[in-house]
Amino acid sequence: MHNALVEKHALERCHKALLSVGWSDQILRPYLYDKNDAVLILKGISRHFGDFEVLDRVDLTIKRGSIVGVCGPTASGKTTLLNVMAGILNPSQGVIQLAEDVAFVDLTPALARINIGYSMQHPSFYPELSIRDNLRHYLSLYGREKELESFLEEFSLEKVYSVRAQDASKGTQRKLDIALAIAHHPNLLLLDEPFADLDAENKAKVWQTIGRLHDEGVTIVVASKEISEIRSHLDQVLDLGAR
């Protein structure tokens, strides 16, 4: 461990104590770290597939509580970069580090599963199950079944909870996918093309969801080739097409 963050042991103990008596992590998280703290650091990230270079020495520091846009045309490496950030792919070169307690540590798949939520380009859920049963299953994996009703309400899914996921609208499917991605209350949420194939109304609904998560202190990375549509919502932009 190295590159120490600001020492906040007392705040960490207070945070854990409040969690133990029933306080919500979503309420506490915005107060736990300074907004200038970094949650993830990428240094010189490259990724090759055979002789084909997809990412070339990408540097990025993601500040806690920010919304970061990753933009670029098709095949510019947006999905590859998010897969590296999620611990799904190893970089060919470079280092990726995650804020862990009071220091930065090299990202591992195990740490990624705990700290990072990932909503991929194509929503992932059990199509034959209802929206409610999908959420119940994912929450049960983390011992959070009691949060089912609050998740349905937070994502405005309470009126369609009995609908099979495969029969829901694209906007509802995307909101469900995001809900499943944060079932374990990650510190960082990765969204790959979350607005693809959505009409204006459903795009607005997804942005409302992202806005609520941002207000709760979740750090969010959005990959999109339509950066002009989302730039006003972003704190930082990484343009892979300009490299």
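Residues numbered from 1 in each chain as written. Predicted model: local features only at pLDDT ≥ 70, side-chain atom pairs only at ≥ 80, totals over all residues. Heavy atoms only, no water.

Help me out: how do you make sense of the nonpolar core in this one?
A general tendency of soluble globular proteins is for nonpolar side chains to be buried together. Formed by 35 residues in total, the largest nonpolar core has its most connected members in L135, F155, L189, I210, L213 and I220. When residues of this core are traced back to their parent elements, those giving at least two are β3 (67-71), α5 (131-141), α6 (148-154), α7 (170-181), β7 (188-192), α8 (200-215), β8 (219-224) and α9 (227-230). Here this core gets five residues from one element, more than from any other, and that element is α7. If we ignore the near neighbours within four places in the chain, the residues touching I220 are S66, I67, V68, L188, L189, L191, I210, L213 and H214. Formed by 30 residues, the second largest nonpolar core is a distinct cluster that contains L81, L98, L111 and L188. (Core = buried A, V, L, I, M, F, W, Y, C linked by side-chain atoms within 4.5 Å. Buried < 20%, exposed > 50% of the residue type's maximum accessible area, 1.4 Å probe, protein only. Helix = DSSP H or I, 4+ residues; strand = E, 2+ residues; numbered from the N terminus. Contact = heavy atoms within 4.5 Å.)

Would you mind showing me how to read α5 here?
An α-helix turns once every 3.6 residues. As a result, residues three or four positions apart point the same way. Buried within α5 we find I131, N134, L135, Y138 and L139. Buried residues of α5, viewed axially, fall in a sector of 120 degrees; they line one side. Just downstream of α5 lies G143, where phi reads positive at about 65 degrees. (Arc of directions from axis to C-beta.)

Teacher, can you tell me more about the pattern of salt bridges here?
Close approach of charged atoms lets side chains of opposite charge pair. Inspection of the entire model under this criterion finds eight salt bridges. The shortest N-O distance in the salt bridge between E147 and R144 comes to 3.0 Å. A salt bridge links R174 to D177; the nearest nitrogen and oxygen atoms lie 3.6 Å apart. Linking R174 with D177, this pair stays in helix α7, spanning three residues, or about one helical turn. For D177, a relative accessible area of 4% translates into the label buried. Bridged by salt links that share partners, the residues E128, R164 and D167 form one connected network. (Salt bridge = Lys/Arg side-chain N within 4 Å of Asp/Glu carboxyl O.)

Quick question: what am I supposed to make of unusual backbone geometry here?
Note: most peptide bonds trans; most residues except glycine with negative phi. For R57, which is not glycine, the phi dihedral falls at a positive 50 degrees. The residue E193 is not glycine, and still its phi comes out positive at about 50 degrees. As for its placement among the helices and strands, E193 is situated in the loop between β7 and α8.

Explain the pairing of β8 here, please?
With six of its six residues buried, β8 lies for the most part within the structure. Across the two faces of β8 the burial is the same, with T219, V221 and A223 and I220, V222 and S224 all buried. In this fold, β7 hands off to α8, which returns the chain to β8; that crossover is right-handed. (Right-handed = clockwise from strand over helix to strand, strands pointing away.)

How should I be thinking about helix α3 (residues 78-85) in this particular structure?
With seven of eight residues buried, α3 is to be regarded as a mostly interior element. All of the buried residues along α3 are K78, T80, L81, L82, N83, V84 and M85. Of the residues flanking the end of α3, it is G87, one or two places downstream, whose phi is positive at about 80 degrees.

Help me understand the packing of aromatic side chains in this model?
Between two aromatic rings, the relevant description is the distance of the centres plus the angle of the planes. On inspection of all chains with the given rule, the structure shows three aromatic pairs. Relative to Y138, the ring of Y126 lies with its centre 6.3 Å away and its plane at 55 degrees, an arrangement referred to as tilted. With Y126 in the loop between β6 (116-119) and α5 and Y138 in helix α5, this pair connects stretches of sequence that are 12 residues apart. With relative accessibility at 40%, the residue Y126 sits in the partly exposed group. For the pair F151 and F155, a centre-to-centre distance of 6.1 Å together with 20 degrees between the ring planes defines the contact as stacked. Comparing F151 with F155 shows no difference in burial state: the two are buried. Across the ring face of F49, the terminal group of R47 is positioned such that the distance to the ring centre comes to 4.6 Å. (Phe/Tyr/Trp six-rings, centres within 6.5 Å; stacked < 30°, edge-to-face > 60°. Lys NZ or Arg CZ within 6 Å of the ring centre and 35° of its normal.)

Looking at this model, I keep getting lost on the environment of I178. Mind explaining?
You can see I178 is positioned in helix α7. Among the residues examined, I178 registers a relative accessible area of 0% and is labelled buried. Separated by 16 residues in sequence, I178 and P194 have C-alpha atoms that sit 9.0 Å apart. Apart from residues lying up to four places away in sequence, I178 is in contact with S119, F155, L189, L191, V206, T209 and L213.

Would you mind showing me how to read the environment of S130 here?
Among the structural elements, S130 can be located in the loop between β6 and α5. For S130 and D167, which are 37 residues apart along the polypeptide, the C-alpha to C-alpha distance reads 9.1 Å. Apart from residues lying up to four places away in sequence, S130 is in contact with Y161, S162, V163, R164 and A165.

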